[in-house]
Amino acid sequence: KQCYFEITSHLIVHHNLTKIYCLTGIKNTYIASERLSGYIEAMTANGLSVPDKYIFYGDFWTQSAQNLAYDIASGKIEKPQAIVCASDIMAIALTNALTEHNINVPSEIAVTGFDALADSMLNTPSITTYYSQAMLCGTKCVCSLLNIIMNRHIYNKTSSTGHLVLNDSCGCKMSDSEFVKRAVDKYGKKIVIGIDAKDGMVAIEGWEKTSDFTAVE
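Remember, it's a predicted structure, so these values are computed and weren't measured experimentally.

Draft legend 1. Region of the structure containing the state of the cysteines. This structure, assessed with the given rule, holds zero disulfides. No disulfide involves Cys 170; its sulfur sits 3.6 Å from the nearest other cysteine sulfur, which is in Cys 172. Residue classification places Cys 170 among the buried residues on the basis of a relative accessible area of 4%.

Structure below.
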């Protein structure tokens with residue numbers, strides 16, 4: 001719940017957004033209810049109302065997110081300023097579906113996820129998400145099992161709390177160098193890179209600037 005409170009508060013405080021929808025998980029399940037509760041608490045703590053029409057129940061997977069994007073694009077559902085999703089998978093599906101319907105993320109609708117999956121970092125735009133305590137708990141459990149099995153101390157260097165991972169989808173732009181680093185960390189030597197060139201020089205930032213490198217270097 002606290003994690004979702006932080007995500008929602010970030011949109012309100014740092015991006016001045018007020019019309020924020022919540023796409024949570026399956027209705028009446030514990031995780032979906034907790035994340036929804038965090039969203040509602042953040043909204044009310046900042047003096048914002050939460051009409052029923054702001055809350056949507058999904059399945060933590062792609063279809064519910066794609067359906068929501070279609071309903072927004074078709075005008076069936078009023079366009080919000082932002083949507084907080086209860087999983088990265090839903091956030092990625094929602095972002096990509098909105099883009100397909102010519103709705104820009106984040107300039108028209110900001111989107112956030114949850115879980116800090118590697119795919120969320122490599123999506124275009126990259127997804128603002130949350131590295132949760134559940135993932136940290138899993139790491140600690142493995143270290144504890146190794147301590148028992150090997151009868152020695154396995155150092156656990158993970159933080160005791162989760163944290164926001166800020167990326168493009170909320171408007172906190174990730175730099176190209178950060179994107180490349182994450183891609184290299186995940187795919188290593190399995191990467192093919194193409195470049196843009198202008199007047200023989202490598203062009204960057206959507207052709208707006210040229211670098212000091214020639215296209216054949």
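Draft legend 2. Structural detail: the packing of helix α3 (residues 62-74) against helix α4 (residues 88-100). Contact pair α3 / α4: the axes reach a minimum separation of 8 Å and the direction vectors enclose 30°. The chirality of how α3 crosses α4 is right-handed. Together, Thr 62, Ser 64, Ala 65, Gln 66, Leu 68 and Ala 69 of α3 and Ile 89, Met 90, Ala 93, Leu 94, Ala 97 and Leu 98 of α4 make up the contact between the two elements. Taken together, the residues of the contact of α3 with α4 sort by class into nine nonpolar, three polar and no charged.

Draft legend 3. The arrangement of the sheet that holds strand β1 (residues 20-24) in detail. If you walk across this open sheet you meet the four strands as β2-β1-β3-β4, and the pairing is parallel. In this open sheet, the two edge strands, each paired with only one partner strand, are β2 (55-57) and β4 (110-112). Averaged over all neighbouring strand pairs, the angle between strand axes comes to 15°, with direction disregarded. Two strands pair when backbone bridges link them, and β1 and β2 are joined in this way by three bridges, in the parallel orientation. Pairing of Cys 22 across the sheet is with Ile 55, part of β2. The strands that helix α1 (residues 2-15) touches are β1, β3 (82-85) and β4; relative to β3, the one it contacts most, it runs at about 165°.

Quick notes on the rules
Each residue is numbered by its place in its chain's sequence as written, counting from 1. Only residues with pLDDT of 70 or above have their local features reported here, since the model is predicted, and side-chain atom pairs are shown and tallied only from 80 upward, although totals for entire chains, interfaces and linings are computed over all residues. Hydrogens are left out, water is left out, and the side-chain values use all remaining heavy atoms of the structure. Our working definition of a disulfide is a cysteine sulfur pair at a distance within 2.5 Å. Exposed residues in this analysis have more than 50% of their type's maximum accessible area, buried residues have under 20%, and partly exposed residues fall in between, with area computed by a 1.4 Å probe over protein chains only. Axes here mean lines fitted to C-alpha atoms, for a helix over just the part in contact, with angles spanning 0 to 180 degrees between N-to-C directions. Secondary structure elements follow DSSP: runs of H or I of four or more residues count as helices, runs of E of two or more count as strands, with numbering from the N terminus. Should the near helix be turned anticlockwise from the far one by less than a right angle, the crossing is left-handed, and should it be turned clockwise, the crossing is right-handed. Pairs of residues are marked as contacts when any of their non-hydrogen atoms sit within 4.5 Å. We call Asp, Glu, Lys and Arg charged. Ala, Val, Leu, Ile, Met, Phe, Trp, Tyr, Cys and Pro are nonpolar, and the rest, Gly among them, are polar. Any two strands are treated as partners once DSSP identifies two or more bridges connecting them.

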